[in-house]
Every structure is written in structure tokens, then in C-alpha cells.
Amino acid sequence: MFAILYETGSSGFYLGLDINLKSAESRFRTIIDDLLKNISNGKTNTSEKFFEMYGVFNIAIFCTDYECYKIDTHKNQILNYKSIFQVVDFCLYIIEIDNKFYPSQLERNENYFYYSNNTHIEGALELLMN
């Protein structure tokens, strides 16, 4: 199975999975086309948080499932991907997964990033190991 991830700033968005690479690539291209249309229309100048808000509000129409997770920075790229679309402000990936998406299992080029929801306090805990 193949998952699509959209990462910008310190936020990551899991955009669901596809059974085969061909259908994942089709959704991937659709998202890229929409992002490029927004960039070329100059909409990025209206807010510093445009790409994060894009992930929250605009991307849902392209999703088969949705989950938001925290990362140290989107510039700390995922290592094992099938496809990547990268610009300064965000990265879009297709990755291969077994059954379920776990942000803590993503290997990155600088850190191995651990993410966990805490059941005792509101929010999440992060552990970055260099």
C-alpha cells in the first residue's frame, strides 16, 4: 500500500493510502497541480501560514483518510519514498506502508523522529535523537 504525506513547517499531514502505486501517483499529481495553481495565482502572499492552512483546509478533497502529525521541520526529509515533490515551503511524498501509517516509523535524513500521543495530558510528546 502507498500513502501520501504533505509536510510543511512543523506539521505533517497523512492523506490516506492507495492499494497500488498507480492510483497513489494519480492523487499525487492532482495535489501537485492544485498546489501549483495556488502558487501561480499568488495566493501564497496572503498569509505566512498559507501552506499549513492549505494542509488543514484545502487538502481534504484529495484524501482517502486524514491525520495531522507534528515534525521537527519539513526540511528534514523522509528517506524512503517512492515519489517526492519538494519546494522551499513544503514537501509532498508517496511512501510505501505495510498496514497502517505510523509517523514514528519514518526514517529521516537528520533525525530519527519519534512521535506519540499522550493519554494523560493534552497534546503530543516529541523525542528527537541525533
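Look above for the structure.
What comes next concerns the included structure. (Residues numbered from 1 in each chain as written. Predicted model: local features only at pLDDT ≥ 70, side-chain atom pairs only at ≥ 80, totals over all residues. Heavy atoms only, no water.)

## Thoughts on helix α2 (residues 50-58)
Turn by turn, an α-helix covers 3.6 residues, leaving residues three or four places apart pointing in a common direction. For α2, the complete set of buried residues consists of Phe50, Phe51, Tyr54 and Gly55. The buried residues of α2 all sit within an arc of 145 degrees when viewed along its axis, so they share a single face. The elements touched by buried residues of α2 are β1 (2-8), β2 (11-18), α1 (21-40) and β5 (90-96). (Buried < 20%, exposed > 50% of the residue type's maximum accessible area, 1.4 Å probe, protein only. Helix = DSSP H or I, 4+ residues; strand = E, 2+ residues; numbered from the N terminus. Arc of directions from axis to C-beta. Contact = heavy atoms within 4.5 Å.)

## Details of α1
Its 20 residues place the ends of α1 28 Å apart at the C-alpha level, agreeing with the 28 Å of an ideal helix rising 1.5 Å per residue. Of the residues making up α1, those classed as buried are Ala24, Arg27, Phe28, Ile31, Ile32, Asp34, Leu35 and Asn38. One side of α1 holds all its buried residues, which, seen down the axis, span an arc of 165 degrees. In α1, the exposed positions that point more than 90 degrees away from the buried face belong to Lys22, Asp33 and Ser40. Those residues of α1 that are buried lie in contact with β1, β2, α2, β4 (83-86) and β5. (Expected span 1.5 Å × (residues − 1).)

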